[in-house]
Amino acid sequence: MIARQRRLVIGTALLVGTLSGCAAGQVTQTADQVSAVNGASGNIGPIAVRDAMLAYPAGEEHFYPEGSSAVLTLTIVNTGNLEDRLVAVESPAASSVKLDGATTIPARSAVRAIATEVTETTTSAASSSAPTATSAPTATSAPTATSAPTATSAPGTTGGTTTGATTSAPTSTSTRLRAGELTIVLEDLTRDIRPGQTVRVVFLFEKAGELTLVVPLGAPDEPRGESEH
């Protein structure tokens, strides 16, 4: 009788140890998972916008401060028999929205707005180029004077942008876009955008018309670190 009770106690202890080990393994697995944020989706005629969200901001601030630029990612599907075109994107959260790349959506096809790194250029960087341009007139020699057009041609490399240095990064990344890809950048944000917040975005298509979505801020790509026990 005593031997039977001992076997029962040992078996119970082994079972408890096995269950606690499984639970610990589950905690370790979930510690490396990335929190999911569902993007906004909507339809207007044959046009469907899927998984629209603001790309999670890079850097240590983890939010988009007022006056910065935010990148919008999404997929646009055209289920119709005629091509359509994304004419414009507007948002009360931004002073302007820049489109670059494949804005035409062929029939029975799709295009994708991808995330690109937006580099904010401060006014000090722009002002530092001014002394370079004015330094040419200070020189009296003729060769130095002829070098002035070369100095003034540098700002011309950012031609085609309406807001100057802040859009230089999206312009440079446009050359790396592949067929069926575009970039949508909300420029000069009118307020801070933090995790958990949303912004209203209006898409205007040439044929399908206007579609309004409430777009969230996406989740970070980096997994969360293991939680302490």
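Our structure is the block above this text.
Summary of the structure given here.

Cut-offs applied
- Residues numbered from 1 in each chain as written.
- Predicted model: local features only at pLDDT ≥ 70, side-chain atom pairs only at ≥ 80, totals over all residues.
- Heavy atoms only, no water.
- Phe/Tyr/Trp six-rings, centres within 6.5 Å; stacked < 30°, edge-to-face > 60°.
- Lys NZ or Arg CZ within 6 Å of the ring centre and 35° of its normal.
- Pairing = 2+ DSSP bridges.
- Helix = DSSP H or I, 4+ residues; strand = E, 2+ residues; numbered from the N terminus.
- Core = buried A, V, L, I, M, F, W, Y, C linked by side-chain atoms within 4.5 Å.
- Buried < 20%, exposed > 50% of the residue type's maximum accessible area, 1.4 Å probe, protein only.
- Contact = heavy atoms within 4.5 Å.

1. A closer look at the packing of aromatic side chains
Right, on to step 1. Counting across every chain of the model gives zero aromatic pairs.
Right, on to step 2. Above the face of the F63 ring, R194 is positioned so that its terminal group lies 3.9 Å from the ring centre.

2. Describing the sheet that holds strand β9 (residues 198–205)
Right, on to step 1. Spatial strand order, β6-β4-β9-β10: four strands in an open sheet with antiparallel pairing. Strands at the two margins of the open sheet, each flanked by one partner only, are β6 (104–105) and β10 (209–216).
Right, on to step 2. Bridging between β9 and β10 involves eight bridges; their strand directions are antiparallel. Within the sheet, the bridge partner assigned to F203 lies in β10 and is L211.

3. Some details on the nonpolar core
Right, on to step 1. Core analysis: the largest hydrophobic core is formed by 36 residues, its most contacted members being L54, L72, L74, I76, I184, F203 and V215.
Right, on to step 2. Setting aside residues up to four positions removed in sequence, I184 forms contacts with A70, V71, L72, L74, L86, V89, V97, K98, L99 and A113.

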